[in-house]
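Breakdown of the fold
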Amino acid sequence: MDKNARKELISGWKDRHPEMGVVSVRCIVTGEEFYSTSKDTATWFNRHRFELNSKCHRNRRLQELWNLYGESGFAFILVSELNYEKPDDVNANDLKELMELCLMENPQAKKL
């Protein structure tokens, strides 16, 4: 790969605008829902799906449900998207506040 192509790829990566916000893993059968925040939802969904399929997820209850019902028994959902101008301007408090609002709307949901 030549230098110009490499610079363009790096620039494109730095300039990307990832989807950020509150995400959920919902067990369709039981209705249990697990909330978390993410600065890159696509990466978050992939990582958690991989951990669950590998039977090494840190949340025991979610892992138990996954083992019981399998991947088809779950939905990965973007609950609320954070609107922002630049990714560098987003801090942990922005996502934390958004999470608290979502938990107030759905008090049965558990933090992941």
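Here's a quick rundown of the structure. (Residues numbered from 1 in each chain as written. Predicted model: local features only at pLDDT ≥ 70, side-chain atom pairs only at ≥ 80, totals over all residues. Heavy atoms only, no water.)

1. A look at the side chain of Gln63
Note the threshold: For the purposes of this entry, the term helix denotes a DSSP run of H or I that reaches at least four residues, the term strand denotes a run of E that reaches at least two, and both are numbered from the N terminus. Using a 1.4 Å probe on the protein chains alone, a residue whose accessible area is under 20% of its type maximum counts as buried, one over 50% counts as exposed, and one in between counts as partly exposed. Under this definition, polar contacts are N or O atom pairs within 3.5 Å; protein pairs additionally need one hydrogen-donor-capable and one acceptor-capable atom, and for neighbouring residues in sequence, both atoms have to be side-chain atoms. Note on contacts: a residue pair qualifies if any of its non-hydrogen atoms lie within 4.5 Å across the two residues.
Following the sequence through the fold, Gln63 ends up in helix H3 (residues 60–69). Residue classification places Gln63 among the buried positions, given a relative accessible area of 7%. At 2.8 Å, the side chain of Gln63 forms a polar contact with the side chain of Asn67. Those residues in contact with Gln63 that lie beyond four places of it in its chain are Glu51, Leu52, Lys55, Cys56 and His57.

2. What to know about the packing of aromatic side chains
Stated formally: The criterion for an aromatic pair is that two Phe, Tyr or Trp rings (for Trp, the six-membered ring) have centres within 6.5 Å, with stacked assigned to planes under 30 degrees apart, edge-to-face to planes over 60 apart and tilted to the rest. Only Lys NZ and Arg CZ are tested; either one counts as a charge over a ring when it is within 6 Å of the ring centre and within 35 degrees of the ring normal.
Under the definition given, this model contains 4 aromatic pairs. Note on Trp66 and Phe74: the rings are 4.9 Å apart at their centroids and 35° apart in plane angle, and the pair reads as tilted. Look at Trp66 and you get buried, because its relative accessible area is 4%. Centroid distance Trp66 to Phe76: 6.1 Å. Interplanar angle 75°. Geometry classified as edge-to-face. Residue Trp66 is found in helix H3, and its partner Phe76 is found in strand E3 (residues 74–81); the two are separated by 10 residues along the sequence. Considered together, Trp66 and Phe76 belong to a single accessibility category, that of buried residues. One aromatic cluster is present, built from ring pairs that chain together Trp44, Phe45, Trp66, Phe74 and Phe76. For Arg49, the ring lying beneath its charged end belongs to Phe76, and the centroid distance is 4.2 Å.

So, to be careful, I would describe these as geometric facts and stop short of saying anything about function.
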